[in-house]
Amino acid sequence: MDMKNEWNDLNHQRLRLSLDSIALLLYCSEFYECEELPMTLTQWNDLEKMLRASQLKRPAALLALEYEAIMINLDIDEELAHKIASRNVGIAFLLEQLQRLESLGVLVTTKYEEEYPYQLKRKMKKNMPLILYYSGDITMLKDPLVCVAGPIRSNRRIDQNTKAVISKLNEESYTLISCGNRGVETLAMKHQLRIGGKAVNFLCGNIIIEMKEYLRPIKNGQMLLVSAVYPFANFDLVHAIDRNQYVFSLSEVAIIMYSQINSGAVWLSAMQNFTQRWTKLAAIMDDEFYGNARLIELGAIGLTMDMIQSPLTLSELLDQEEEKIQETESYDQISIYEFLGEQYEI
């Protein structure tokens, strides 16, 4: 049975995109092969500003314009105007490709659609992905999401801890969101599915290949595959770094199972989160987990496995530990002032 037949019963959602979305896809996606490369995120953000300041107002207004009309209506350079006009002729091909992709089980949404996740808009702002490709129920992105992250190379102890964390999340009806990397993250995702939970796998590569492995959980509503990268694209390190940011932004909390100091994508994402504040960051405390100990020193919320297995909910644990951190910071500040007072007492 080919992929089209496999997905016939899944495609309840037909292609429903606004004209603004069609315009964005035409100018920014890789669907349409054209001498003019797709616009970058920065170019699109700049174009939006110019549209709002013009009589055109919306991206959809560009679809009917030729080069001269674009130059008259917008204060843009000739190169960008030529790019828009050149890609306008490909709208029919774009629609054909969207329908072809849908027949394979992949749907598309953009920042202009209601189903686009609000958290990405709120937290990523101008850096949010313009386009999302997905297979499964996209409303899962509105669930309470928790990210569980860890290294590609794992061991029995880390695996046992990961399964215990996933079991707690499932008991509390959290949906797991993952980057789906080998090791800890794949283990977490498969365990979540095995015990009946829901999972979001945010990809940065070929979504079509990944769909074949997770066909059943996608069809039964347990799993959502989503990507900000063209569905047939190969793995790219820059896309992977961006994807990690999107996952953290969509999460209520990111739990780091294990990390190594100054090493790997997990560490990099945690460091970025300290400055960007996309989500609450928690780290499992263990005598062997030196990287996690450093994360806790830097401000991550420390959680022991005894705490994970306690009757307290994850939310209660996080609140409890955050209060302790705030109390410690307050005490340290008072102690400094008391010390200074003693030093300079007359």
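One can find the structure itself at the top, above this paragraph.
Let me begin by describing the structure that accompanies this report. Worth saying up front: this structure is predicted, and the values here are computed from it rather than measured.

### Some remarks on the overall build of the protein
Along the backbone of the protein there are 16 helices and 9 strands. Along the first, second and third principal axes, the C-alpha atoms of the protein reach 75 × 65 × 30 Å. Out of the 346 residues belonging to the protein, those deemed buried represent 51%. Of the contacts made within the protein by residues no fewer than 6 positions apart, 71% connect residues no fewer than 24 positions apart. Summed over all atoms, the accessible surface of the protein reaches about 18000 Å², with 49% contributed by carbon and sulfur. Computing the positive centroid from 34 side-chain charges and the negative centroid from 48, the protein places the two 5 Å apart.

### So, helix α8 (residues 156-171)
For α8, built from 16 residues, the straight-helix expectation of 22 Å at 1.5 Å per residue is met to within 8% by its first-to-last C-alpha distance of 23 Å. Those residues of α8 that sit buried are Ile 158, Asn 161, Thr 162, Ala 164, Val 165, Ile 166, Lys 168 and Leu 169. Ser 173, located one to two residues past α8, shows a positive phi value of around 65 degrees.

### Side note on the packing of aromatic side chains
Under the defined criterion, the tally for this structure stands at 5 aromatic pairs. Within the aromatic cluster, the residues linked to one another by ring pairs are Phe 31, Tyr 133, Tyr 230 and Phe 232.

### Concerning the sheet that holds strand β9 (residues 301-303)
Strand pairing in a sheet takes place through backbone hydrogen bonds and is either antiparallel or parallel in direction. With mixed pairing, the 9 strands of this open sheet are ordered in space as β1-β2-β6-β5-β4-β3-β7-β8-β9. What marks the edges here is a single partner per strand, and that holds for β1 (107-110) and β9. Adjacent strand axes in the sheet meet at a mean angle of 25 degrees, parallel and antiparallel pairs treated alike. Strand direction decides the pairing type here: strand β3 (residues 145-149) and strand β7 (residues 253-256), joined by 4 bridges, are parallel. In the strand pairing of β7, Val 148 is matched with Ile 255. Contacting β3, β4 (175-178), β5 (199-203) and β6 (223-227), helix α9 (residues 184-194) crosses the sheet at an angle of about 155 degrees to β4.

### A word on unusual backbone geometry
Of note in this structure, Lys 57 is not a glycine but carries a positive phi near 70 degrees. Of note, Lys 57 is situated in the loop between α3 (41-53) and α4 (67-73).

### Observations concerning the pairing of β7
The alternating pattern of β7 places Val 253 and Ile 255 and Ala 254 and Ile 256 on opposite faces, both of which are buried. Relative to strand β8 (residues 280-284), β7 runs parallel, the two sharing 4 bridges. The residue bridging Ile 255 from the neighbouring strand is Ala 282, located in β8. What joins β7 to β8 is helix α13 (residues 264-276), and the crossover it makes is right-handed.

### Examining the packing of helix α12 (residues 237-250) against α13
Contact geometry for α12 and α13: axes closest at 10 Å, N-to-C directions at 55 degrees. What the angle tells us is that α12 and α13 run oblique. For the crossing formed where α12 meets α13, the hand is right-handed. Of the residues in α13, those touching α12 at Ile 241, Asn 244, Gln 245 and Phe 248 are Ala 265, Leu 268, Ser 269, Ala 270, Gln 272 and Asn 273. Per-class residue counts for the contact of α12 with α13 are 5 nonpolar, 5 polar and no charged.

### Digging into the pattern of salt bridges
For the structure on display, the rule yields 10 salt bridges. A salt bridge links Arg 58 to Asp 20; the nearest nitrogen and oxygen atoms lie 3.0 Å apart. Taken together, the positions of Arg 58 in the loop between α3 and α4 and Asp 20 in helix α2 (residues 19-28) put the pair 38 residues apart, joining distant regions of the chain. Judged by its relative accessible area of 46%, Arg 58 falls in the partly exposed class. When its relative accessible area of 10% is taken as the criterion, Asp 20 is described as buried. Several salt bridges share partner residues, and in doing so they unite Lys 280, Asp 319 and Glu 322 into one network.

### Focus: the state of the cysteines
Here the structure, examined in full by the defined rule, presents 0 disulfides. For Cys 179, which is in no disulfide, the shortest distance to another cysteine sulfur is to Cys 147 and amounts to 5.7 Å. As a non-bridged cysteine, Cys 204 has Cys 179 as the owner of its nearest cysteine sulfur, 8.0 Å distant. Look at Cys 204 and you get buried, because its relative accessible area is 5%.

### A look at α9
Within α9, 8 of the 11 residues are buried, which leaves it mostly tucked inside the rest of the structure. Within the span of α9, buried status applies to Val 184, Glu 185, Thr 186, Ala 188, Met 189, His 191, Gln 192 and Leu 193. At the exit of α9 stands Gly 196, carrying a positive phi of roughly 95 degrees.

### Let's talk about the side chain of Asn 244
Structurally, Asn 244 is set in helix α12. Beyond its immediate sequence surroundings of up to four residues, Asn 244 is in contact with Cys 179, Ala 265 and Ser 269.

### Things to note about the nonpolar core
Counting 74 residues, the largest nonpolar core has Tyr 27 and Leu 303 as its most contacted members. Broken down by element, the residue count for this core peaks at 7 residues, all from α2. Met 140, Leu 141, Val 266 and Ala 300 belong to the second largest nonpolar core, which has 34 residues in total.

### Looking at the environment of Gly 291
Relative to the helices and strands, Gly 291 is located in helix α14 (residues 290-298). Its relative accessible area of 2% is what places Gly 291 among the buried residues. The contact partners of Gly 291, leaving out residues within four places of it in the chain, are Ser 259, Gln 260, Ile 261 and Trp 267.

Conventions adopted
- Residues numbered from 1 in each chain as written.
- Predicted model: local features only at pLDDT ≥ 70, side-chain atom pairs only at ≥ 80, totals over all residues.
- Heavy atoms only, no water.
- Helix = DSSP H or I, 4+ residues; strand = E, 2+ residues; numbered from the N terminus.
- Buried < 20%, exposed > 50% of the residue type's maximum accessible area, 1.4 Å probe, protein only.
- Contact = heavy atoms within 4.5 Å.
- Areas by Shrake-Rupley, 256 points an atom, 1.4 Å probe, with all protein chains shown as cover.
- Lys, Arg positive; Asp, Glu negative; His and termini not counted.
- Charge placed at Lys NZ, Arg CZ, Asp CG, Glu CD.
- Expected span 1.5 Å × (residues − 1).
- Phe/Tyr/Trp six-rings, centres within 6.5 Å; stacked < 30°, edge-to-face > 60°.
- Pairing = 2+ DSSP bridges.
- Axes fitted to C-alpha atoms, helices over the stretch in contact; angles between N-to-C directions.
- Right-handed = clockwise from strand over helix to strand, strands pointing away.
- Parallel < 35°, antiparallel > 145°, perpendicular 65-115°, else oblique.
- Left-handed = near helix turned anticlockwise from the far one by under 90°.
- Nonpolar A, V, L, I, M, F, W, Y, C, P; charged D, E, K, R; others polar.
- Salt bridge = Lys/Arg side-chain N within 4 Å of Asp/Glu carboxyl O.
- Disulfide = S-S within 2.5 Å.
- Core = buried A, V, L, I, M, F, W, Y, C linked by side-chain atoms within 4.5 Å.

Shape is all these values report; function is a separate question.
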